[in-house]
Amino acid sequence: MANPFSLTGKVALVTGASRGLGRAIADAFAAAGALVVLNARDATALDVVARQIEAAGGKCEAAAFDVADEAAQTAALAGIMARHGRLDIVVANAGIQHRQALVDFATADFQRILDTNLTAVWTLAREAAKLMIPNKTGRIIITGSISGYLARPSISAYVASKGAVHALTRALAVELAPHRITVNGLAPGFFATEMNTALTQNAEFSAWVERVTPLARWGDPAEIGGPALFLASDAATYVTGHILTVDGGMTSAM
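Just so it is clear, the model here is predicted, and its values are computed rather than measured.

Colleague: How should the sheet that holds strand E5 (residues 138–143) be read in this particular structure?
Modeller: Adjacent strands of a sheet pair through backbone hydrogen bonds, lying either parallel or antiparallel. Taken in spatial order, the 7 strands line up as E3-E2-E1-E4-E5-E6-E7 in an open sheet, and their pairing is parallel. The two strands at the open ends of the sheet, each matched to only one other strand, are strand E3 (59–64) and strand E7 (243–246). For this sheet the average axis-to-axis angle between neighbouring strands, irrespective of direction, equals 20 degrees. In terms of strand pairing, strand E4 (residues 89–92) meets E5 through 4 bridges, oriented parallel. Note that in E5 the partner of valine 90 across the bridge is isoleucine 140.

Colleague: Even after reading the chapter, I still don't get the nonpolar core, so can you show me in this structure?
Modeller: In a soluble, globular protein the nonpolar side chains are often hidden away together inside. By size, the foremost hydrophobic cluster in this structure holds 31 residues, and its most contacted members are Leu7, Ile25, Phe29, Val36, Leu38, Leu186 and Ile224. Mapped onto this core, the elements with two or more residues apiece are strand E1 (11–14), helix H1 (20–31), strand E2 (35–40), helix H2 (43–55), E4 and helix H8 (225–232). The element contributing the most residues to this core is H1, with 6 residues. Counting residues in each nonpolar core, the second largest holds 30 residues, with Val90, Leu168, Leu172 and Ile181 among its members.

Colleague: Explain empty space enclosed by the protein to me, please; I cannot follow it from the model alone.
Modeller: Left-over empty space is what a probe sized like a water molecule reveals as it rolls over the atoms. Throughout the structure, instances matching the rule amount to 1 cavity of 30 Å³ or more. Of the voids in this model, the largest cavity is the one considered here, and its volume is about 40 Å³. As for the largest cavity, its lining consists of Thr15, Val67, Gln73, Ala92, Asn93, Ala94, Thr116, Ala120, Val121 and Leu124. The biggest single contributor to the lining of the largest cavity is helix H4 (residues 107–132), with 4 residues.

What counts, and where the lines are drawn
Residues numbered from 1 in each chain as written. Predicted model: local features only at pLDDT ≥ 70, side-chain atom pairs only at ≥ 80, totals over all residues. Heavy atoms only, no water. Pairing = 2+ DSSP bridges. Helix = DSSP H or I, 4+ residues; strand = E, 2+ residues; numbered from the N terminus. Axes fitted to C-alpha atoms, helices over the stretch in contact; angles between N-to-C directions. Core = buried A, V, L, I, M, F, W, Y, C linked by side-chain atoms within 4.5 Å. Buried < 20%, exposed > 50% of the residue type's maximum accessible area, 1.4 Å probe, protein only. 1 Å grid on protein atoms, 1.4 Å probe; cavity = no way out; pocket = protein on both sides within 12 Å on 5 of 7 lines; lining within 4 Å. Points joined across faces, edges and corners; volume = space filled by probe spheres on them.

Below you can see the structure in the form of C-alpha cells.
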C-alpha cells in the first residue's frame, strides 16, 4: 500500500521558510520527498536553509521575494512552472507582527500587517489556483493563528489579519472544491519562534503560557511539520475548509 503521507514527485512552495514555522514545514515536506521551493525576503538566509535541507538528503531551491510584492510573487510562480512544469502545494505562511497600544497604533502599520498577512495570502492563493486548476488537483495551506479566535492587547492588526485568513480559508475551499483543490489552515498557538523571542525571554509571560496551556509548555517549531504534512498529503484528500489548531490545548481550556 502506498504511503499516503508521501510527497514524492510533488513541488511545494513554502513562504516565510527561512526560519520558524515555515522552516519546520519546509523540513517536513522535504523529508516526505517533495521538492520544496523556499521563500523569504532574505536570500542569504534562504541559501543557508537550502544547504541544510540538501545536506539532510532533501530537494529544495530558494526563491527570494517579498510576498507583499504582487509582481514579484507572480513572477516567482511563473518561474516555478517554467522550471518544473507544476505546482502541487502552496503554504502561505509568511507573516509579520507589530505590537502597539491601539491609541498609538499608526494606520500605516495596520495596513502593513494586512498587506502581508491577508492581501498577500489572497493574491498567492489566486495565482496558485490559476496553475492548479488545469491539473484538477492542488493543496493550499494558510497559516492562521489562535489569535484568529482569541485576542490579546496591543496586537489588534494581527488579530484582525488572522481572523480574516481563517474566513478566507473557508471561502477559498468552497470556491476551489470543484477543481479538486483543497484549502485548509493551521492555527498555531504559542511556539518558540524568532517572531516570539521577546515573549519567550519574558519570564512572566512564559510562565503564563505554561500555566494556561494544558501541555504546560511552548510549542517546538518542529511540531507544526506533521500537521502541515497531513494537510498537504493524500491522507487529507477529503479535508477542506478546515482550520487545524495546533496549540497544546490552549483554546480548549478554561
